Structure formats: structure tokens, C-alpha cells
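Structural features, examined
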Amino acid sequence: MSGRSVEKAGLFRRVSGYVGPVAAVVVTVVALWLFHQMTAGLRLEDIKAAIGAMQWSAILLALLATCASYSALATYDIVACHIVAPGKVPWRNAALSGMSGYAFSNFLGFHLFTGGAVRFRTYSRSGLDAGEIGQVVLLSWMGLWLAFTALVGLALLLDPDGVPLLSLLHDAADRAVGLAVLAVLIGLFVFAGPQGRELRLFAWRVPLPPRRMLLLQLLVGVLDLLASAAVLYVLLPPDVQPGAALFLTIYMSAVILGSISHVPGGIGVFEATLIAGLGLQGRADILASLLAYRLIYYFLPFLIALVVLAAAEAGIVRGKIAARFVGPTRAIKALVPMVAATVVFISGFVLLLSGATPGVPDRLETLEDWLPLSMVESSHFLGSLVGLALLVVAHGLQRRLFSAWVVAVAMLFAGALLSLVKGLDWEEALTLALAAMFLLLSREAFYRRTPQRITRLSWEWLGLVALTLVATTWLGFFSYSHVEYSNELFWQFAWNGEAPRFLRATVGLVVASVALGVAVAIHRPPAKSKRRAETEPEAIAAVIANTPDTQNNVAFLGDKEFLWSPDGSAFLMYGRAGRSLVSMGDPVGDPEQVEDLVWQFRDMADREAARAVFYAVRPDNLPLYVDMGYALLKLGEVARVDLSTFSLEGPKNQEHRYVDRRATKEGLVFDVIPREDVPGAMNELRSVSDAWLQEKGGSEKGFSLGRFDPAYLAHFDCAVMRDVNNGNRIVAFANIWRSGDMNEMSIDLMRYLPEVSKVLMDALFVRLLLYAKEEGYRWFNLGAAPLSGLADHALASRWNRMATFVFRHGDDFYHFEGLRAFKEKFSPVWTPQYLACPGGLNIPQVLLDVNALISGGIGRLIGSSSRRPKRKRVRAAQMA
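Okay, so let's go over this structure.

Basis of the calculations
Residues numbered from 1 in each chain as written. Predicted model: local features only at pLDDT ≥ 70, side-chain atom pairs only at ≥ 80, totals over all residues. Heavy atoms only, no water. Helix = DSSP H or I, 4+ residues; strand = E, 2+ residues; numbered from the N terminus. Expected span 1.5 Å × (residues − 1). Buried < 20%, exposed > 50% of the residue type's maximum accessible area, 1.4 Å probe, protein only. Contact = heavy atoms within 4.5 Å. Core = buried A, V, L, I, M, F, W, Y, C linked by side-chain atoms within 4.5 Å. Salt bridge = Lys/Arg side-chain N within 4 Å of Asp/Glu carboxyl O. Phe/Tyr/Trp six-rings, centres within 6.5 Å; stacked < 30°, edge-to-face > 60°. Lys NZ or Arg CZ within 6 Å of the ring centre and 35° of its normal. Patch = residues over 30% accessible without salt bridge, like charges linked within 9 Å, V, L, I, M, F, W, Y side chains within 5 Å. Areas by Shrake-Rupley, 256 points an atom, 1.4 Å probe, with all protein chains shown as cover. Lys, Arg positive; Asp, Glu negative; His and termini not counted. Charge placed at Lys NZ, Arg CZ, Asp CG, Glu CD. Pairing = 2+ DSSP bridges. Axes fitted to C-alpha atoms, helices over the stretch in contact; angles between N-to-C directions. Parallel < 35°, antiparallel > 145°, perpendicular 65-115°, else oblique. Left-handed = near helix turned anticlockwise from the far one by under 90°. Nonpolar A, V, L, I, M, F, W, Y, C, P; charged D, E, K, R; others polar. Polar contact = N/O pair within 3.5 Å; in protein donor to acceptor, adjacent residues only side chain to side chain.

Look at helix α24 (residues 654-665): 16 Å from first C-alpha to last across 12 residues, which is about the 16 Å you get at 1.5 Å a residue. If you check which residues of α24 are buried, you get Glu655, His656, Tyr658, Val659, Asp660 and Ala663. Summarising the contacts, the buried residues of α24 are in contact with β9 (668-673) and α27 (760-775). Downstream of α24 by one or two residues, glycine 667 has phi in the positive range, about 80 degrees.

Before going further, it helps to examine the nonpolar core. The tendency in soluble globular proteins is for nonpolar side chains to be buried side by side. Core analysis: the largest hydrophobic core is formed by 87 residues, its most contacted members being Phe571, Tyr615, Met721, Phe780, Phe826 and Leu835. For this core, the element with the most residues is α27, which contributes 10 residues. If sequence neighbours within four positions are ignored, phenylalanine 826 has contacts with Val641, Phe646, His656, Phe765, Val766, Leu769 and Leu782. By size, the runner-up hydrophobic cluster in this structure holds 68 residues, among which are Ala72, Ala147, Leu225 and Ile296.

Here the focus is the pattern of salt bridges. Pairing of side chains with opposite charge becomes possible as their charged atoms draw close. Evaluated as defined, the whole model comprises 19 salt bridges. One salt bridge in this structure joins glutamate 666 and arginine 662, with 2.9 Å as the shortest N-O distance. The salt bridge involving arginine 738 is made with glutamate 775; its shortest N-O contact spans 3.7 Å. Placement of the pair is arginine 738 in strand β11 (residues 729-738) and glutamate 775 in helix α27, with a sequence separation of 37 residues. Looking at glutamate 775, the relative accessible area reads 37%, which means it is partly exposed. Taken together, the shared-partner salt bridges connect Glu377, Arg501 and Arg504 into one network.

Within the element layout of this structure, threonine 831 appears in strand β14 (residues 829-837). What makes threonine 831 buried here is its relative accessible area of 18%. Among residues more than four places away in sequence, those in contact with threonine 831 are Arg618, Pro619, Gly636, Glu637, Val638 and Arg640.

Counted under the stated rule, the structure contains 19 aromatic pairs. Relative to phenylalanine 571, the ring of tryptophan 564 lies with its centre 5.0 Å away and its plane at 50 degrees, an arrangement referred to as tilted. You can call tryptophan 564 partly exposed: its relative accessible area is 22%. On the numbers, 6.1 Å between centres and 50 degrees between planes, the contact of phenylalanine 614 with tyrosine 630 is tilted. Here phenylalanine 614, found in strand β7 (residues 611-617), pairs with tyrosine 630, found in the loop between α23 (622-627) and β8 (631-642); they are 16 residues apart in sequence, far enough to count as distant. Look at tyrosine 630 and you get buried, because its relative accessible area is 9%. Sitting above the plane of the tryptophan 405 ring, arginine 443 keeps its charged end 5.4 Å from the centroid. The residue whose ring lies beneath arginine 640 is tryptophan 779, and the NZ or CZ to ring-centre distance is 4.4 Å.

Turning to a negative patch on the surface, a few remarks are in order. On the surface, Asp362, Glu365, Glu368 and Asp369 cluster together into a patch of negative charge. Mapped onto the secondary structure, aspartate 362 falls in helix α15 (residues 361-368). Owing to a relative accessible area of 54%, aspartate 362 belongs among the exposed residues under this scheme.

For the rest of this paragraph, the subject is the pairing of β8. For β8, the tally of buried residues reaches 9 of 12 residues, placing the bulk of the element in the interior. The sheet contact formed by β8 and strand β13 (residues 779-786) spans 7 bridges and is antiparallel. Within the sheet, the bridge partner assigned to valine 641 lies in β13 and is phenylalanine 780.

Look at helix α16 (residues 373-398) against helix α17 (residues 402-423): their axes get within 9 Å of each other, and the N-to-C directions meet at 155 degrees. Between α16 and α17, the angle is such that the two are roughly antiparallel. Pair α16 / α17 crosses with left-handed handedness. For the pair α16 and α17, contact is made by Met375, Val376, Ser379, His380, Leu382, Gly383, Val386, Ala389, Leu390, Val393, Gly396 and Leu397 and by Ala404, Trp405, Val407, Ala408, Met411, Leu412, Gly415, Leu418, Val421 and Lys422, respectively. Taken together, the residues that form the contact of α16 with α17 break down as 16 nonpolar, 5 polar and 1 charged.

To continue, consider unusual backbone geometry. You will see that phenylalanine 703, though not glycine, has its phi angle at about 65 degrees, which is positive. For phenylalanine 703, the position within the fold is in the loop between α25 (682-696) and α26 (710-713). With phi around 60 degrees, asparagine 728 is a residue other than glycine that occupies positive phi space. Tracing the backbone shows asparagine 728 in the loop between β10 (718-723) and β11. Classification of asparagine 728 as partly exposed rests on a relative accessible area of 37%.

Right, let's get into the side chain of aspartate 762. Within the secondary structure, aspartate 762 sits in helix α27. In terms of polar contacts, aspartate 762 uses its side chain to reach the side chain of lysine 825, at 3.5 Å.

What follows is about a nonpolar patch on the surface. A contiguous nonpolar patch, built from Ile51, Leu60, Leu61, Leu63, Leu64, Leu291, Leu295, Phe299, Leu300, Leu303, Ile304 and Val307 and spanning about 1,000 Å² of accessible area, is present on the exposed surface. Of all the elements in the fold, those that place two or more residues in the nonpolar patch are α3 (56-84) and α11 (284-314). Looking at the nonpolar patch, the element that brings in the most residues is α11, giving 7 residues. Its place among the elements puts leucine 300 in helix α11. Judged by relative accessible area, leucine 300 falls into the partly exposed class, the value being 34%.

Worth remembering: the numbers are spatial, not functional.
Below is the structure:
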């Protein structure tokens with residue numbers, strides 16, 4: 001790829017990161033503008049009066065319908081778990097996961113990240129892997145879409161005139177469309193069959209459950225849609241309740257558009273779609289019904305989920321109840337940071353709402369007798385700023401930062417005090433105080449004392465803050481729509497001057513938000529450049545000299561950091577990429593220090609809000625990584641030649657003899673340059689390296705693979721092939737790795753001049769093995785064969801089956817099978833090599849981070865030292 005192409009690709013990735021937040025802000029602004037147009041002329045007092053006039057019977061029916069809907073949502077997960085992993089997940093766990101997952105995702109939006117996080121935490125503890133959890137989520141959504149399809153088809157078939165939104169052509173044509181939709185649905189059931197099948201749509205593969213389970217999902221989906229629609233339907237004023245078919249269709253359209261918009265909870269988009277579809281603009285009782293619907297169907301279930309979490313965190317759930325729900329409770333505890341962030345964000349939203357709406361007049365009159373006006377004015381202004389601060393600090397709570405916890409607790413208590421001073425708003429003061437108590441109970445979840453800035457926000461979170469400010473600002477202008485705005489209004493200070501207070505607070509919020517945006521843009525952390533380790537090379541060499549593994553010599557590359565044991569007898573080397581801290585192999589040095597270093601490394605990564613990853617580890621320490629709850633992915637196998645049995649004698653070594661004799665005939669001579677003489681030959685070595693890189697069209701790697709760096713190469717002896725027929729020049733070289741106690745020899749960086757000899761690299765390997773044997777080494781490490789030796793069985797893991805497929809059919813981008821075949825000639829002993837990392841949805845990101853460290857593309861992603869010499873198979877007939 002050219003430099004310009006790389007630059008364009010990088011620019012595209014940077015720009016694409018802003019698309020989501022910007023789109024969400026634009027959609028929300030447009031929806032709020034439309035909503036503002038539809039509610040023109042309404043006053044906040046009219047909406048409050050309409051809420052007070054609502055029938056208690058309607059509220060009770062709405063609560064019953066909410067219970068029915070969330071029971072159906074729980075059944076989605078129960079059925080899906082039974083289909084995907086029968087017997088693995090207890091129905092209580094699945095029910096609690098379904099209800100709490102939908103409670104979070106309905107209220108917060110971003111269904112994949114909120115509801116998906118709940119399901120992943122719960123189901124992974126029940127033994128489901130990421131693929132199975134994805135299937136559960138897919139089947140849950142399938143029930144909803146089956147129900148939507150069925151209801152639309154029935155509406156078109158039975159009464160197209162009653163649903164103007166679906167009236168396409170003519171009644172007969174609409175009924176034909178409805179009949180076709182239902183026919184496709186019936187065909188899907190027939191296709192699924194009694195055992196279930198896989199549906200293929202272009203590149204998509206959708207597993208269909210058995211017919212009876214598919215039917216159950218459809219029935220549950222219909223119940224869910226009918227019940228959730230009934231919540232709003234019974235809250236609407238009786239004189240505007242439309243026909244059931246029309247209302248259900250408009251309701252489903254509003255829900256779908258709200259979900260597609262990715263606006264949290266679909267707020268604004270849902271309301272605008274519903275009001276426009278029903279043609280009910282300009283009515284306060286309609287807005288009151290929508291507000292009541294939000295509170296009952298969205299906020300109340302979310303609040304119940306928070307109460308359950310608080311009870312679990314405080315240890316209230318005991319005895320038989322705790323015994324029955326111990327699995328879900330432990331899973332929910334893992335969600336404390338996300339829930340705490342949500343609680344604090346909502347608390348900030350409450351303060352912003354309070355600052356944008358009028359206070360209670362009687363309470364202000366009471367304050368007039370006790371406090372000066374300046375204190376009330378200041379409290380109102382500061383309360384809004386504290387609300388913004390809570391929106392910001394919530395992001396730090398999500399990252400488990402202790403500093404964010406301290407600031408959040410202080411801000412919540414300060415907000416409670418300011419709420420009392422600015423208007424005796426004891427309700428919001430109590431809400432903020434309870435939120436602070438929840439954080440105090442959750443203290444242990446926020447243990448990361450990393451020096452990260454609390455204001456280091458992602459652009460997505462900054463977009464969410466902007467959306468919240470836009471919504472509360474609109475609400476403020478809506479609340480004071482009857483006020484005539486002028487320049488003098490901003491400077492009016494009076495006990496009844498609530499509109500001026502709102503304007504001053506809005507200006508302060510705008511200034512603070514702009515400053516926050518500028519700070520986020522300026523102080524964004526730069527991409528971490530690889531730096532040389534501060535550890536002295538002599539200390540590294542002293543440890544490596546006593547270890548039996550040559551791979552540890554990558555410590556001299558200078559692109560890693562080191563975690564040392566207290567006595568300096570062992571270290572763990574690692575690199576950083578994305579949110580991953582990647583250990584290069586197992587800890588090096590004293591075996592007694594290995595376990596402590598592994599746990600220290602994981603604790604360090606956890607404190608930095610990062611993932612601890614162990615790349616290219618050997619089987620010896622796998623029980624340790626299993627105890628940590630890590631997933632193990634087999635990367636391939638390392639080939640080691642037993643030098644005590646290696647020679648050029650015998651029929652099986654005929655090819656080695658041929659290569660050795662032909663190299664001698666062509667004037668190729670093997671030599672070893674001592675490390676102290678390597679700097680003097682560096683220019684000649686560089687010319688070989690540059691020619692090799694140009695011929696390969698590649699670039700230097702790192703982390704687990706050596707690169708041409710004079711400082712690195714100066715640590716080692718260098719094996720070379722010289723051409724005596726051409727001035728004794730160097731035509732190939734490889735730096736030599738040596739382990740301690742004469743246990744193992746290996747090579748790392750191999751470079752050669754193209755078109756010199758067809759047996760050049762083969763001859764170098766043969767001579768190296770003979771040299772290592774003469775030196776008295778027991779083993780020669782040929783490096784790894786990526787993706788080799790993985791189980792190829794229908795019941796093997798998805799990783800094994802995918803990797804085996806790549807191993808067999810991936811020669812277009814990397815010669816997997818050819819590399820193993822080349823090393824197999826030397827009759828090596830194969831040792832498996834693994835990647836240990838957090839499982840589930842972390843695995844794809846971990847693989848990308850490791851790839852970024854090595855910087856060699858997918859072909860170099862697996863295998864810590866995949867050294868494949870370029871060669872062509874020589875026919876036996878050509879050999880002597």
C-alpha cells in the first residue's frame with residue numbers, strides 16, 4: 001500500500017469515528033425541532049395539569065401491561081437460551097438477564113452495548129461463549145421482527161383502509177401484499193422444519209430454531225408488542241384513541257425509528273413520529289400521556305433494576321432468595337460501574353432539568369424570608385454547572401476511576417445542597433443524596449488510581465453530553481415560551497425572574513461545554529509510540545542467560561516495557577496497543593516468580609482500565625491462565641529439532657545432503673561473525689536487508705519478530721553465507737539467539753539477496769543446525785508454524801475450525817501449510833503455543849491489538865516467530 005493510500009485510510013478511520021456521534025446529535029436536533037413545531041403554543045402548566053387529571057385506572061392498566069410486556073421480554077431470553085444451549089442457563093438467570101437487559105437498553109438506548117453487556121456478563125458465567133451469546137441476542141430480536149412482520153401482514157390483509165400508512169395501491173393490491181408477507185412467514189416456518197435449519201441470505205447465515213420454538217418466539221413477540229403498545233394506548237385520552245390496527249402500526253414504526261436513530265431511548269424521535277402519525281399536534285394531554293408512558297414503561301423498570309443492584313451490593317439479599325438468585329446477583333455486581341455511571345448521569349440530567357424549568361412559587365416565597373437573592377441566584381447557576389460536571393464524571397465511573405468516584409460523590413452532595421438552596425427542591429435533593437449513598441456502597445468497584453484525566457472523554461460520550469444539553473435547553477425555551485425575550489432580560493435579577501436565571505445558566509453551560517470540547521480535542525492522548533525500555537540491557541542479559549528458551553531474546557528489541565520481580569531475578573515484557581497490555585510470552589527468569597508476575601501484570605492492566613493479554617505462551621503455565629478465567633486460543637506449534645539425532649546421514653536426510661553439496665559447488669560458504677565484530681559488518685548486512693525488503697515489498701515488524709536495527713543486532717553473533725565466487729560478499733545472514741545452559745539455539749532476523757541461489761536459505765538452515773550441534777546445544781528452535789496442529793472436528797471450538805480452514809486454504813496471503821512442510825523435513829518435536837486473553841467479545845479486539853503490535857497484517861498475526869525461507873521444492877530426480 002502506498003503512503004498516500006495509508007494516509008487516506010487513516011483519515012477515513014479518524015473521520016468515521018465522528019460519524020456516529022454527529023449523526024445522533026443531528027437526528028436529535030431535527031427530532032426536537034419537529035417536536036417543538038408540533039407543540040407550539042403549549043405551556044408547561046398545561047402539561048402538569050393534564051398529568052394531574054389522568055385516571056388512576058388508566059395508570060393501573062398501564063402498569064399491568066408493563067408487567068406483561070417485560071414478562072414477554074424475559075421469555076425471549078428463556079426460549080433463546082433453551083434453543084442455543086439447552087440445560088446450560090437456568091431459567092431464572094435467563095429471565096433476570098432478559099428483563100434487566102431490556103430495562104437498561106430501553107431506557108439508555110444503544111441496545112447492543114447496554115443490553116448486550118448485561119447478557120454477556122450473565123451468560124458468560126453460565127458457560128456460554130461469545131458466539132452462543134450472539135445467537136441468544138439474535139433469536140431474541142428474531143421474535144420481535146417475526147411479530148412485527150405478522151402484524152403488518154394481517155393489517156394489510158384484513159383492513160388496509162384502516163391503516164393509511166400501509167395503503168400502497170388499491171385495497172386488492174394491499175391485501176395481496178399482506179397475503180404475500182404472511183405466505184413468506186409461513187414458508188419460513190415450513191423451511192425451519194421440526195429440527196431447525198440454517199437460512200442463508202447472500203453472505204448472511206441465520207440459524208433457524210425448530211418450528212415449534214419459532215412459533216413460540218412469534219407468539220411471545222406478539223404479546224410483547226401488544227402489551228407495550230397497550231401501555232401507551234390506555235394512557236391516551238379516550239377521545240383520541242384511534243383504531244387498534246392504526247395505533248399499533250404507528251407505535252411499531254415509532255419504536256423502530258427510535259431504535260435506528262441510536263438516540264438514547266429514542267427520545268424525541270419516538271414522540272415526534274407518534275404525534276405526526278396520529279395527527280395530534282398541539283395537545284397538552286397527549287404530551288402528558290407520552291410523559292407518563294416514558295415514566296411507567298422506561299423509567300420504572302430501570303429503577304427496579306437499580307434497586308435490585310443496590311440490594312445485591314449492600315448485601316440485603318440473603319437466605320433462600322440469595323440462594324435462588326446467586327448466579328444473577330454475581331453477574332449484576334459486575335455491572336456496578338456501568339450502573340453507577342448511569343445513575344450519576346441521570347442525576348446530572350435531573351439538575352439540568354431543574355435549572356431549565358420553573359420552581360414551585362410557594363417554596364421560593366419561603367426562601368425569600370430566609371436567604372438573600374444573590375445566594376439563590378448563585379445556587380441556580382452553580383446547580384446547572386454541577387449537572388454538567390456529573391454528566392462528564394460519569395464517564396470516569398464507567399472506567400472504574402477512583403478519582404471520578406471521589407468527584408462524583410462530592411458533586412452529588414453539593415448538588416443536593418444547591419437544590420435545597422435554589423428552590424427547596426427536596427425531591428431532587430433526596431434523589432441526589434440517594435445516588436451518593438449508592439456510590440458510597442459501591443466504593444470497592446472504583447479502585448483504579450491511574451493518573452488518567454476525568455475529562456478524557458470519548459467523542460461518543462461527548463456527543464451524548466451534547467444531546468442532553470440540547471434536550472434540556474429546548475425544554476427550557478419550551479417552559480418559558482410565553483416570555484418575551486430581550487437583551488435586558490438577561491440582566492434581570494428578581495425572586496420571580498426564573499426565565500433570566502435559565503438564560504444565564506444556559507450561557508454558562510454553553511461556555512463550559514465549548515471549553516470542555518476544546519479541552520477534549522487538545523488533550524486527546526496521542527498514539528503511543530514504541531519506546532526503548534528503560535531497563536539496562538545487562539540486567540536483561542543476566543536473566544536470559546539462565547533461561548532455557550531463546551524466544552526471550554526479543555527483550556533486546558527495545559520496543560517493550562518490563563515488569564520486574566522484587567529481587568530482579570525475573571521479568572515480564574509487554575507492549576501496549578489499544579486497550580490491551582500484551583505480554584510477550586510467559587514471564588522470564590526464576591520459575592518461583594512466574595505466578596506472582598502474571599497476577600501483578602493483570603492487576604496493573606486492570607488498574608489502567610486495560611486488558612491483560614498473554615501472547616505466545618507455552619503449555620507449562622496454562623493452568624495459571626485458566627485459573628484467571630481466561631480464554632485460550634491455540635496459535636500454532638513451535639518446531640524444535642533434537643540435535644543429538646540430527647545429521648546428514650541416512651536416506652531421510654538425502655535432501656539435506658543435496659542442499660549442502662550444491663551450496664558448496666556454488667561457492668556458498670557458512671561463517672559466524674562474533675557479536676563484537678558485527679558492527680563492522682553492519683553496512684554490508686544492511687544492503688542485504690534492504691534488498692530483501694524491496695524484493696518482498698514488506699516492512700519491518702516488531703514485538704515478537706526482529707527487525708534490522710544495529711543496536712539490536714549488536715547483541716548477537718551473526719550467521720552469514722558468503723559467495724566466494726563474488727568477492728566473498730555476504731549474500732544471506734541471520735542473527736543467532738542462544739539460551740542459557742546450552743539448551744537451545746535459534747535464529748530471528750533472516751535476510752538474503754534474491755536470485756543468488758535456489759538453495760541459499762536451505763543451506764543456511766542445514767549449516768546452522770550442524771553448527772549448533774558442534775557447539776554442544778541440545779535443541780535448535782525452527783520457530784512457529786502458525787495455525788498448525790489445531791483440532792479439525794465438527795465438535796471443536798469455532799476458533800479451531802476457522803483457523804484450520806485458514807491453514808488449509810489461506811496460501812493466497814500466507815503459506816501456512818508450506819511453512820509447516822518445510823520445517824517438518826527436519827523431523828522436529830512440535831510444541832503448542834497459545835494466546836491467553838479475556839474471552840467473549842474481547843477476543844476480536846485482542847487479535848487486532850496484537851496485530852497492531854507486530855504490524856505484519858493477518859499473515860503475521862499468529863506465531864511469534866514465523867520464519868519461512870523462500871524456496872522451491874527440488875525434485876528427487878535432480879538430487880545426487
